[in-house]
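Breakdown of the fold
The primary structure of each chain is shown beneath.
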Amino acid sequence: MKKLLLVSVVAAAMFVTGCNTKNPSVDSSSESSNSGFSNRDAEGLNDLQGKVNRVYFDFDKFNIRPDMRGVIKANAVVLNSEDAKSLKVVVEGNCDEWGTDEYNYALGLKRAKAAKDALVAQGVSADRIQVKSNGESKPTCTEKSKACDAQNRRDEFKIMQ
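It should be emphasised that the depicted structure is a prediction, and the values quoted were computed from it without experimental measurement. (Residues numbered from 1 in each chain as written. Predicted model: local features only at pLDDT ≥ 70, side-chain atom pairs only at ≥ 80, totals over all residues. Heavy atoms only, no water.)

So, helix H4 (residues 101–121)
The α-helix advances 3.6 residues per turn, and as a result positions three or four apart in sequence lie on the same side. Taking 1.5 Å as the rise per residue, H4 with 21 residues should run 30 Å; its terminal C-alpha atoms sit 30 Å apart, in good agreement. Taken residue by residue, H4 has Asn-104, Leu-107, Gly-108, Arg-111, Ala-112, Ala-114, Ala-115, Ala-118 and Leu-119 as its buried positions. Projected down its long axis, H4 shows its buried positions confined to an angular sector of 155°, all on one face. Exposed and facing more than 90 degrees away from the buried side of H4 are Glu-102, Asp-117 and Ala-121. Elements in contact with the buried residues of H4: helix H3 (69–79), strand E2 (88–94), strand E3 (129–135) and strand E4 (154–160). Of the residues flanking the end of H4, it is Gly-123, one or two places downstream, whose phi is positive at about 100°. (Helix = DSSP H or I, 4+ residues; strand = E, 2+ residues; numbered from the N terminus. Expected span 1.5 Å × (residues − 1). Buried < 20%, exposed > 50% of the residue type's maximum accessible area, 1.4 Å probe, protein only. Arc of directions from axis to C-beta. Contact = heavy atoms within 4.5 Å.)

Following this line, the structure appears as structure tokens:
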């Protein structure tokens, strides 16, 4: 009987504390977010992100085209700037839909590594750069045309905290 009474009291206490209706308050006036940097820092990150451009590739190729070398140099200038020196960058390699998933994943990785190597040659620290392949899984264009396929053969540069 004592055990039943004790279990009932414990269950009632748990029920009462679990049904607390008070909502937690959030201070929206604070500049800090849970990510550890202020809104101003996030705006700066977005500003830097807007300054880096995509690099495009020829069909079934992973070498940096001559017309894309200027884009690599401009991206390196942004990544070597005082505002970005402490930030990391993820180079995401992407492909068009032609080829198997496995082939496109490997090609996307080769494209990302080629861009990383080109950035390192321009003075960006290699330990700040990560490479990733999306294969054909993140197309920017889904029309069935050669122009659309050309838009999907690209590297994107994501600046990270």
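Right, picking up where we left off after that structure.
Some points on H3
Residues Val-71, Ile-72, Asn-75, Ala-76, Val-78 and Leu-79 constitute the buried set of H3. End-on view of H3: buried residues confined to an arc of 160°, all on one side of the axis.

Quick word on the environment of Gly-99
Within the fold, Gly-99 resides in the loop between E2 and H4. Taking the relative accessible area as the measure of exposure, Gly-99 reaches 46% and is therefore partly exposed. For the pair Gly-99 and Asp-60, spaced 39 residues apart in the sequence, the C-alpha separation amounts to 9.1 Å. Apart from the residues lying within four places of it in its own chain, the contact partners of Gly-99 are Asn-104 and Glu-136.

Some thoughts on the state of the cysteines
Under the defined criterion, the tally for this structure stands at 1 disulfide. The residue that forms a disulfide with Cys-141 is Cys-148, at a sulfur-sulfur distance of 2.2 Å. For the disulfide bridge between Cys-141 and Cys-148, the dihedral angle about the S-S bond is near -125°, and by the sign convention the bridge is left-handed. We note that Cys-141, like Cys-148, is buried. (Disulfide = S-S within 2.5 Å.)

Topic: the side chain of Arg-154
Within the element layout of this structure, Arg-154 appears in strand E4. Of note is the side chain of Arg-154, whose polar atom sits 2.7 Å from the side chain of Glu-156. (Polar contact = N/O pair within 3.5 Å; in protein donor to acceptor, adjacent residues only side chain to side chain.)

Let's talk about the pairing of E3
For E2 and E3, the ladder comprises 6 bridges, and the chain directions are parallel. Counted as the bridge partner of Gly-93 is Ser-133 from E3. After leaving E2, the chain enters H4 and then returns to the sheet as E3, a path that is right-handed. (Pairing = 2+ DSSP bridges. Right-handed = clockwise from strand over helix to strand, strands pointing away.)

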